[in-house]
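Spelled out from the first residue to the last, the chains are:
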Amino acid sequence: QVQLVESGGRLVQSGGSLRLSCTASGRAFSSWSMGWFRQAPGKEREFAAGINWAGSSIYSTDYADSVKGRFTISRDNAKNTVYLQMNSLKPEDTAVYYCAASSIRNIRSSPTYWGQGTQVTVSS
């Protein structure tokens, strides 16, 4: 029903910035909750950031403590795209980043569809 394609992952120096993009296919993108999860080597996949549909054209954002204040999630519904702006990157941010979508209003607890992932590597 929904196909997600991420892009933007690359090597970046510690303290640098990077923006990831995720473009979705499917109907009614504006009413889907979207988010980003990440999986570092040797660790389980974890929630990073979400932007949840709250009805009408209202959205709420949600961030993991580890990225709060450094990462910003946003969406452009006209382009069926969600972004993750990452600033002040640290080596511990190194991970495969996955885009996710959900028809439920809480992406953090109910991700349903997943992208293929994009590698982000932060050097020290």
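One can find the structure itself at the top, above this paragraph.
We now turn to the structure provided with this report. Everything numeric here is computed off the predicted structure, so don't read it as measured data.

## Points about the pairing of strand 8 (residues 81-86)
Within strand 8, five of the six residues are buried, which leaves it mostly tucked inside the rest of the structure. Of the pairings in the sheet, the one linking strand 3 (residues 18-24) to strand 8 comprises six bridges and is antiparallel in character. Looking across to strand 8, one finds that Leu 20 is bridged to Leu 84. As paired strands, strand 7 (residues 71-76) and strand 8 are joined by six bridges and run antiparallel to one another. Each residue of the ladder has a partner; that of Phe 71, found in strand 8, is Met 86.

## What to know about the packing of aromatic side chains
According to the stated counting rule, one finds three aromatic pairs in the structure shown. Ring geometry for Phe 37 against Phe 47: centres 5.5 Å apart, planes inclined by 75 degrees, an arrangement best described as edge-to-face. One end of the pair, Phe 37, is in strand 4 (residues 33-39); the other, Phe 47, is in strand 5 (residues 46-53), with 10 residues separating them in the sequence. Each member of the pair, Phe 37 together with Phe 47, is buried. Ring pairs connect the aromatic residues Phe 37, Phe 47 and Trp 114, which therefore count as one cluster. Between Arg 45 and the ring centre of Trp 114, over which it is positioned, the NZ or CZ distance is 4.7 Å. Above the ring of Phe 29, the side-chain terminus of Arg 75 is found at 4.6 Å from the ring centroid.

## What about the environment of Lys 68?
Position of Lys 68 relative to the elements: it lies in the loop between strand 6 (59-63) and strand 7. Taking C-alpha positions, Lys 68 is 8.8 Å from Ala 48, a pair spaced 20 residues apart along the chain.

## A few points about the state of the cysteines
Tallied over the full model, the rule gives one disulfide. A disulfide bridge connects Cys 22 with Cys 99, and the sulfur atoms are separated by 2.1 Å. Of note, the bridge from Cys 22 to Cys 99 carries an S-S torsion of about -80 degrees and is left-handed in sense. With Cys 22 in strand 3 and Cys 99 in strand 9 (residues 95-102), the pair connects residues that are 77 residues apart, well separated along the chain. By relative accessible area, Cys 22 is classed as buried at 0%.

Rules and cut-offs
Residues numbered from 1 in each chain as written. Predicted model: local features only at pLDDT ≥ 70, side-chain atom pairs only at ≥ 80, totals over all residues. Heavy atoms only, no water. Buried < 20%, exposed > 50% of the residue type's maximum accessible area, 1.4 Å probe, protein only. Helix = DSSP H or I, 4+ residues; strand = E, 2+ residues; numbered from the N terminus. Pairing = 2+ DSSP bridges. Phe/Tyr/Trp six-rings, centres within 6.5 Å; stacked < 30°, edge-to-face > 60°. Lys NZ or Arg CZ within 6 Å of the ring centre and 35° of its normal. Disulfide = S-S within 2.5 Å.

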